[in-house]
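# Coordinate analysis (summary)
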Amino acid sequence: MKIAVLPGDGIGPEVTAEAVRVLKAVLGSGQAVELVEAPIGQAGIDSAGDPLPEATLRIARAADAILFGSAGMPGDEAIPFAMRPGASLLRLRQQLGLFANFRPAFLFPELIGASTLKPEVIEGLDLMILRELTGDVYFGEPRGTGTNARGEREAFNTMRYSEPEVERIAHVAFRTARARKRKLCSVDKANVLEVMQLWREVVTRVGAEYQDVELTHLFIDAAAMQLMRAPKQFDVIVTGNIFGDILSDAAAMLTGSIGMLPSASMGAGTKGLYEPVHGTAPDIAGKDLANPLAAILSMAMMLRYSFGLAEQADRVEGAVRRVLAEGLRTGDIFQGGCRRVGTREMGEGVVAAV
Ligand code: NAI
Ligand code: MG
């Protein structure tokens with residue numbers, strides 16, 4: 001098992017260190033694992049003058065899986081895209097062809113009080129949002145800024161999907177649904193956008209190959225509403241890059257803290273990039289305050305998706321449930337009557353439970 005470890009910036013290194021400790025604990029001495037650490041984001045600029053250094057990209061290409069922390073610094077939006085620490089991740093995903101972003105949203109029963117929604121609305125919640133990751137308005141050309149015919153400043157981006165791009169994410173979606181509850185909801189805006197008409201048409205056509213999966217369609221605005229009103233009606237949701245970005249953050253918050261939520265970005269094979277959903281959290285970085293569970297659960301997804309180690313993944317997820325049941329809480333999920341712990345102690349707790 002060859003794993004590239006890219007801790008990045010802010011709390012990235014802190015939470016990634018705990019994920020690596022749990023990884024070593026769950027694999028024991030029986031598995032040959034090679035971990036290669038490399039800088040990315042601001043750390044890449046500091047050490048190699050590039051947020052995505054050539055050497056880091058090479059290590060990521062050569063690896064079977066990538067454990068990523070987080071990258072970016074507040075205010076870095078002002079830096080041109082290619083040199084922006086926060087954009088290093090977008091470039092890496094694109095370079096590696098990781099087009100399918102899996103973002104599970106599930107509720108740990110112990111954290112039911114951490115959500116802003118009523119317990120009965122979210123109890124037992126377990127859904128998977130599948131977001132297309134390498135197309136859409138984030139990458140569509142033309143894009144830019146300029147001056148229009150009236151001499152006014154303007155800016156533009158292009159929402160664009162090709163048929164093969166929609167086909168491949170649709171296949172991933174149907175296969176994912178097949179392995180779960182055989183229910184897939186495709187989210188688009190086909191009532192307004194041509195590109196989303198193509199999306200709906202292609203998803204529907206691919207669906208003919210998966211007769212055992214129940215396919216429904218929703219417009220993004222209705223989907224957002226339904227996700228808040230009755231999230232348990234969904235099992236797998238598939239959508240494009242920008243709608244998926246927004247919808248998955250909303251789904252994440254149904255379950256409580258962003259510090260709990262893992263993600264996986266996959267390409268055509270088993271190689272994947274695994275990262276917590278959260279960012280670099282500069283407000284709490286370097287203070288041993290960050291919740292490492294999202295990073296640890298991302299590592300569990302790696303065991304499952306890239307290495308087929310379902311039993312070990314189950315053990316990690318079980319260990320997380322156990323530390324929560326024992327009452328260990330970082331600040332972001334703290335509830336009265338529980339024990340407040342830091343990043344390291346939470347990681348140690350999971351190691352012990354594993
Ligand atoms: P953020 O996720 O870093 O932080 C949002 C809030 O959640 C903050 O109050 C933070 O303290 C808290 N939080 C986040 N992770 C936590 C954890 N593990 N434990 C406890 N509390 C946690 O998002 P924000 O503030 O919008 O972005 C900060 C920087 O991170 C920006 O430069 C942004 O570009 C970058 N970013 C990077 C991402 C990535 O690498 N994938 C994703 C999102 C943001
Ligand atoms: Mg987002």
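Residues numbered from 1 in each chain as written. Chains lettered and ligands numbered in written order. Predicted model: local features only at pLDDT ≥ 70, side-chain atom pairs only at ≥ 80, totals over all residues.

### Overview of the overall build of the chain
What the chain contains, in helices and strands, is twelve helices and 14 strands. The C-alpha atoms of the chain give a radius of gyration of 20 Å, which matches the 20 Å a tight globule of 354 residues would have. With respect to the three principal axes, the spread of C-alpha positions in the chain is 60 × 50 × 40 Å. Going through the 354 residues of the chain one by one, you find that 47% of them count as buried. Taking the intrachain contacts of the chain between residues at least 6 apart in sequence as the baseline, contacts between residues at least 24 apart amount to 74%. (Helix = DSSP H or I, 4+ residues; strand = E, 2+ residues; numbered from the N terminus. Rg over C-alpha atoms; globule rule 2.2 N^0.38 Å. Buried ≥ 20, exposed ≤ 12 C-beta atoms within 10 Å, placed from the backbone. Contact = placed C-beta atoms within 7 Å.)

### Focus: the site of ligand 1
Taken together, the neighbourhood of ligand 1 is formed by 25 residues, with Gly72, Gly259, His278, Gly279 and Asn291 sitting nearest. Of the residues in the shell around ligand 1, the class split is twelve nonpolar, nine polar and four charged. (Near = placed C-beta within 6 Å. Nonpolar A, V, L, I, M, F, W, Y, C, P; charged D, E, K, R; others polar.)

### As for the environment of Glu54
Mapped onto the elements of the fold, Glu54 is located in helix α3 (residues 54–62). The exposure class assigned to Glu54 is exposed, which follows from the 10 C-beta atoms found within 10 Å. Expressed as a C-alpha distance, the spacing of Glu54 and Val195, which sit 141 residues apart in the sequence, is 35 Å.

### Here's the deal with the packing of helix α1 (residues 12–27) against helix α11 (residues 310–325)
Here α1 crosses α11 at 125°, and the two axes come no closer than 10 Å. The orientation of α1 relative to α11 falls into the category oblique. In the crossing of α1 with α11, the sense of the turn from one axis to the other is right-handed. Mapping the contact onto sequence places Val22, Val26 and Leu27 in α1 and Gln312, Arg315 and Val316 in α11. Here the contact of α1 with α11 is built from residues that sort into four nonpolar, one polar and one charged. (Axes fitted to C-alpha atoms, helices over the stretch in contact; angles between N-to-C directions. Parallel < 35°, antiparallel > 145°, perpendicular 65-115°, else oblique. Left-handed = near helix turned anticlockwise from the far one by under 90°.)

### Examining the environment of Ile66
Relative to the assigned elements, Ile66 resides in strand β3 (residues 65–70). Separated by 97 residues in sequence, Ile66 and Glu163 place their C-alpha atoms 29 Å apart. For Ile66, the contacting residues outside a window of four places in its chain are Ala4, Leu6, Ala60, Leu273 and Tyr274.

### Thoughts on the nonpolar core
The biggest cluster of nonpolar side chains holds 101 residues, and the ones touching the most others in it are Ile296, Met299 and Val316. Ranked by the residues each element gives to this core, the list is headed by helix α10 (residues 293–305), at eleven residues. Every residue in contact with Met299, bar those within four places of it in the chain, is listed here: Ala19, Val22, Leu23, Leu67, Tyr274 and Val316. (Core = buried A, V, L, I, M, F, W, Y, C linked by C-beta atoms within 7 Å.)

### What to know about unusual backbone geometry
Backbone torsion omega between Glu141 and Pro142 reads 0°, so that peptide bond is classified as cis. Examined against the element boundaries, Pro142 turns out to sit in the loop between β5 (126–132) and β6 (144–147). Here the phi dihedral of Ala281 falls at roughly 40°; this positive angle occurs in a residue that is not glycine. Located in the positive-phi region is Asp288, a residue other than glycine, with phi close to 60°. Within the secondary structure layout, Asp288 lies in the loop between β12 (272–276) and α10.

### Here's the deal with the environment of Glu345
Looking at the element boundaries, Glu345 is found in helix α12 (residues 343–353). Expressed as a C-alpha distance, the spacing of Glu345 and Glu18, which sit 327 residues apart in the sequence, is 9.4 Å.

### Focus on the sheet that holds β12
Taken in spatial order, the ten strands of this open sheet run β2-β1-β3-β12-β11-β4-β5-β10-β8-β9, and their pairing is mixed. The outermost strands of the open sheet, each flanked by one partner alone, are β2 (34–37) and β9 (214–219). Sheet twist, expressed as the mean angle between neighbouring strand axes with direction ignored, is 20°. Here α1 sits on the sheet and contacts β1 (2–8), β2, β3 and β12; the angle it forms with β3, its principal contact strand, is near 140°. Set on the sheet, helix α9 (residues 241–254) makes contact with β4 (100–106), β5, β8 (183–188) and β10 (236–239); between it and β5 the angle comes to about 160°. (Pairing = 2+ DSSP bridges.)

### Some details on the packing of α11 against α12
Contact geometry of α11 with α12 gives a least axis separation of 8 Å together with a crossing angle of 120°. In terms of orientation, α11 lies oblique with respect to α12. For the crossing formed where α11 meets α12, the hand is right-handed. Residues Ala319, Val320, Arg322 and Val323 of α11 touch α12, and the partners they reach there are Met346, Gly349, Val350 and Ala353. Class assignment for the residues of the contact of α11 with α12 results in six nonpolar, one polar and one charged.

### Brief notes about α10
When the terminal C-alpha atoms of α10 are compared, their 18 Å separation across 13 residues agrees well with the 18 Å that a helix rising 1.5 Å per residue should span. Summarising burial for α10: 13 of the 13 residues are buried, a large majority. (Expected span 1.5 Å × (residues − 1).)

### Things to note about the pairing of β1
Most of β1 is tucked away, with six of its seven residues classed as buried. One ladder, built from four bridges, connects β1 with β2; its direction is parallel. If you follow Ile3 over to β2, its bridge partner there is Leu35. Read from β1 through α1 to β2, the crossover connection turns out right-handed. Summarising the sheet, β1 and β3 pair through five bridges and their orientation is parallel. (Right-handed = clockwise from strand over helix to strand, strands pointing away.)

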